[in-house]
Each structure stands twice: as structure tokens, then as C-alpha cells.
Amino acid sequence: MRPLPALLPFLSLLLLLNACTPPPHNPNGTKTLQDTLGRQVQVPAKVQRAVCIGAGALRLFCYIGTPETLCGVEACEKGFLFSRRPYQEAHQELFQSLPVIGTGGPSGTIDPEALLAQRPDVIFSTFYSSPGEMEKLQRDTGIPVVVLHYGDKEAFDPMVETSLEILGKALDQEERAREVVSFIRALKAELHDRTADLTPEERPRVYLGCHSHFGIQGLGSSMAGYSLFQAIHANNVLDTGNQEGYQKRELEELLALNPQVVFLDQGGLPLFLQEYRQNASLISQMEAFRTGNVHLVMPYNAYYTNLEIAYLDAFLMGKILYPQRFQDVNLEERGKDIFRFLLQKEGVEIPWPPRELPLP
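Quick caveat, the model's predicted, so the values are computed rather than measured. (Residues numbered from 1 in each chain as written. Predicted model: local features only at pLDDT ≥ 70, side-chain atom pairs only at ≥ 80, totals over all residues. Heavy atoms only, no water.)

Colleague: Residue-level account of the overall build of the protein, with values.
Modeller: Along its length, the protein carries 14 helices and eleven strands. Looking at the protein residue by residue over its 360 residues, the buried ones come to 54%. In the protein, once contacts between residues fewer than 6 apart in sequence are set aside, the share between residues at least 24 apart is 69%. Total accessible area on the protein is roughly 15300 Å²; 49% of this is exposed by carbon and sulfur atoms. (Helix = DSSP H or I, 4+ residues; strand = E, 2+ residues; numbered from the N terminus. Buried < 20%, exposed > 50% of the residue type's maximum accessible area, 1.4 Å probe, protein only. Contact = heavy atoms within 4.5 Å. Areas by Shrake-Rupley, 256 points an atom, 1.4 Å probe, with all protein chains shown as cover.)

See the structure below:
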């Protein structure tokens, strides 16, 4: 979960600005929708100016809406964080031309004065952890705030679909939202159909390492109940109980778990290589390292989840684990299809293929 910006210091300023600046006039009326917090929010029947705040809000908007509707962006959307964001690359020229409404980023803050100066019809926010503050932001600015959410299971969480449907209703793009949700469900169904009948003997013990989490991480950074593994019915060595979500494991624990196949988030490769140099004798005892079954996958966590990269990673993992089940899948062509459809734009570079693992 992303931390909420420090809004309280700005409340007096917000009240003053709100008193002096009337809310935008909406001659076409309003419509009511329910956001991911269960709030009933009235938005203009025709949204002409929009802003997005918080990790991943702008990405979801770009999957559904018309980027030209945006009237401002967070400063971090004008530059790069520690990893790629394809939606930003698709609209880089536009984002560079828009006014800044706040710093953004993992610990960024909202700039209420800058935000109000752009007079958006609606604010789309992923600050879902504090509904009271979002309600206050809406009340003090006079601008409807619609809260979106990626859920806790990353790429294949049902909350992603819910957020896309909310955007479709808010932006009068319900047909596009239905198409995107159907596309995601079709990808998940295909992965399921290719792998659902695997026998236990066909499912090696697998582990995800270097999983990005508020920045790049080393080998011990991973996920239990990892949705990409679940989508391809992979046997995650961390799925030994009811606990799901992010986990940090020591090298000794990983050796005890002894995965047969290890996937490493390429974003954490520099940290892993440093760990390996310092602990080669320990790490090399794991079966995956002894047999050479260690593979890099494309990093997709950058200001939350790049869905198009995560979905392509699921097919990559499936092809590595079960080559016979995925032998007809051309990963580069599949990546082009996924990128083209979700980003609504041609020519965005696909981070393909992943690098070879340069073990010392």
C-alpha cells in the first residue's frame, strides 16, 4: 500500500482557495458512480478535464481514457523512476507539456494550489488506504475524487478490473472498459487452459527473487500467493500456509526451501550479483543454481504494476516451465499484441528479451 500524502498542512490553503475559486460549471449535469472504497461520487456527465494522483492512477487512466483529457500530471510522470513505465513512454511528449499538480512518487505530496489552478472536473486517485482524507480532499477542493485500486495480488487482482470499469463509467468509455476487462480475462483463461491439468510431477518447485517492492530488491524479496505463478499453476515454494503477499526471506531459508527453478526480477539484478559475489558458496547449493534453472524476467513494478509487462512475464514463465504447453506462443509477437491493445498506441518498445544471467 502506498502512503498517503501529507494533506493536513494544506487544509487552510485549500479552504481559502476553494472560497475564492468556484468549482467548475458542468452544464451537462452529473452522474453518480461507486468507487473502490464504496463511496458514492458525483462526477460530471461529460468529463473534459481530469488529473490522476497516486501510484498507478495515470496508467489505468491511459488504458481507458483519452490522454488529451488530462490537464496536469505529477512531476514523476515527466521523468523516469527506477524502471520503465510503458504508458509514460507512449505519451511522453504530452506529459512533458502538461502542468505539474504535485511531486508524485513513493513519498510524494499533492500540491493543492497547483491542482486547483488546473480546474479539473475529476481527480482519479489510488490513495485507497485513507478514505477520510480523500473525502476531505473532495470536500475542500469542490472537485470529485474517485478512488481506484490495484488490489493486493498485482496483475490479476479482480480490483484491477473493477477500477477499469469505474474509469469507463466516469469517462463515458464503458465500451472500451468492457473490451479491456475482456482482454485481461481472456489472457488469464488462456494461461489457465494451458496449465490447469498439469500433474504434480510436471510442476517443479519455483521461487521468485528480487521482486521489486518500493524500489529494487535482492534475492530474498518475493511473494507468497503470487498471482503470476497462480495463473500458470506453478508450485510456489512459499505457498506453504495461508499467508499471502510480500515476503522477505534470508538466504538460509531459501536454501532450506531449495527451489528447482528460480525467476529473478531483472530490476534487482545489480543487487543480486552483489549478493552472489558475497555468498556464492551458499547460493550455489540451491538446486536451481546447481542445474542452471535460473531465469531473468522483465521488471514490471514501477509506480505500481505495468500490467502489459506483467502479463507478458506470465507467458514467459509458462514457456520456461512448460515448454510443450507454450511451444506455439511467440513471446515477442504476443508482447506486441498486449502492448498495442492496452496502451492504445503503436510502437512502444517492449523490454524483450530479458537479459542473460551473467553469473560470475
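Colleague: Lay out unusual backbone geometry with the relevant residues and their values.
Modeller: Unlike most non-glycine residues, glutamate 154 shows phi in positive territory, near 60°. Note on placement: glutamate 154 falls in the loop between β5 (145–147) and α7 (158–170). For glutamate 154, a relative accessible area of 9% puts it in the buried group. Look at asparagine 258: it is not a glycine, yet its phi comes out positive at around 50°. For asparagine 258, a relative accessible area of 21% corresponds to the partly exposed category.

Colleague: Before we move on, could you go through the sheet that holds strand β4 (residues 122–125) and cite the residues and values that matter?
Modeller: Within the open sheet, the three strands sit side by side as β3-β4-β5. Their pairing is parallel. The two strands at the open ends of the sheet, each matched to only one other strand, are β3 (50–53) and β5. Pairwise comparison of adjacent strand axes, ignoring direction, gives a mean angle of 25° for this sheet. The pairing of β4 with β5 spans three bridges and is parallel. Residue serine 125 lies in a different strand from β5, and its bridge partner there is valine 147. Set on the sheet, helix α2 (residues 57–64) makes contact with β3 and β4; between it and β3 the angle comes to about 140°. (Pairing = 2+ DSSP bridges. Axes fitted to C-alpha atoms, helices over the stretch in contact; angles between N-to-C directions.)

Colleague: Explain the packing of helix α13 (residues 307–321) against helix α14 (residues 331–343) to me, and be specific about the residues and the numbers.
Modeller: Direction vectors running N to C along α13 and α14 enclose 160°, while the axes themselves pass 9 Å from each other. The angle between the axes of α13 and α14 places the two elements in the roughly antiparallel class. As α13 packs across α14, the resulting crossing turns out to be right-handed. Residue-level inspection shows Glu308, Ile309, Tyr311, Leu312, Phe315, Leu316 and Lys319 of α13 in contact with α14, the latter providing Leu331, Arg334, Gly335, Ile338, Phe339, Leu342 and Leu343. Its residues assigned to classes, the contact of α13 with α14 comprises ten nonpolar, one polar and three charged. (Parallel < 35°, antiparallel > 145°, perpendicular 65-115°, else oblique. Left-handed = near helix turned anticlockwise from the far one by under 90°. Nonpolar A, V, L, I, M, F, W, Y, C, P; charged D, E, K, R; others polar.)

Colleague: Describe helix α11 (residues 269–283), with residues and values.
Modeller: Look at α11: only 15 Å from first C-alpha to last across 15 residues, short of the 21 Å you get at 1.5 Å a residue. Residue arginine 277 marks the point of greatest curvature in α11, where the axis turns by about 65°. Regarding α11, the residues found buried are Leu269, Phe272, Leu273, Tyr276, Leu282 and Ile283. (Expected span 1.5 Å × (residues − 1). Bend = angle between axes of the 7 residues up to and from the residue.)

Colleague: So what's going on with the packing of aromatic side chains? Which residues, and what values?
Modeller: Summed over the entire model, instances satisfying the criterion amount to eleven aromatic pairs. With centroids separated by 4.5 Å and ring planes inclined at 40°, the aromatic side chains of tyrosine 150 and tyrosine 304 adopt a geometry described as tilted. A residue pair is termed long-range when its members are at least 10 positions apart, and tyrosine 150 in the loop between β5 and α7 and tyrosine 304 in the loop between β11 (294–297) and α13 qualify at 154 residues. Considered together, tyrosine 150 and tyrosine 304 belong to a single accessibility category, that of buried residues. Ring centres of tyrosine 226 and phenylalanine 229 lie 4.9 Å apart, and the angle between their planes is 85°; this geometry places the pair in the edge-to-face category. Phenylalanine 229 sits in the buried class, given a relative accessible area of 1%. Counting every residue linked through ring pairs, the aromatic cluster contains Tyr226, Phe229 and Phe263. Taking the ring centre of phenylalanine 326 as reference, the NZ or CZ of arginine 194 above it sits at 5.3 Å. (Phe/Tyr/Trp six-rings, centres within 6.5 Å; stacked < 30°, edge-to-face > 60°. Lys NZ or Arg CZ within 6 Å of the ring centre and 35° of its normal.)

Colleague: Let's hear about the pairing of strand β2 (residues 40–44): which residues, and what values?
Modeller: Relative to β2, strand β1 (residues 30–34) runs antiparallel, the two sharing five bridges. Bridging across to β2, leucine 33 finds its partner in valine 41. Counted between consecutive antiparallel strands, the loop separating β1 from β2 contains five residues, among which glycine 38 sits at a positive phi close to 85°.

Colleague: Tell me about the confidence of the model for the protein, residues and numbers included.
Modeller: Taken residue by residue, the protein gives an average pLDDT of 88. The fraction at 70 or more is 90%. Element-level mean pLDDT values for the protein span from 41 in helix α1 (residues 11–20) up to 98 in helix α8 (residues 174–195). Long-range and interchain partners of residues 1–25, a stretch whose pLDDT sits below 50, account for 49 contacts in this model, where long-range means more than four residues apart. (pLDDT = per-residue confidence, 0-100.)

Colleague: With reference to specific residues and values, describe α14.
Modeller: For α14, with 13 residues, the first-to-last C-alpha span of 18 Å sits near the 18 Å given by 1.5 Å per residue. Listed as buried for α14 are Leu331, Arg334, Gly335, Ile338, Phe339, Leu342 and Leu343. One side of α14 carries all its buried residues, which in axial view fall inside an arc of 135°. Tucked into the core, α14 has its buried residues touching α2, α3 (86–90), α8 and α13. Downstream of α14 by one or two residues, glutamine 344 has phi in the positive range, about 55°. (Arc of directions from axis to C-beta.)

Colleague: Give me the lowdown on the environment of histidine 213, citing residues and values where you can.
Modeller: Assignment of secondary structure puts histidine 213 in the loop between β6 (205–209) and β7 (221–224). Judged by its relative accessible area of 29%, histidine 213 is partly exposed. Distance from histidine 213 to alanine 302, taken between C-alpha atoms, is 9.1 Å for residues 89 residues apart in sequence. Not counting residues within four places of it along the chain, the set of residues in contact with histidine 213 comprises Ser221 and Tyr246.

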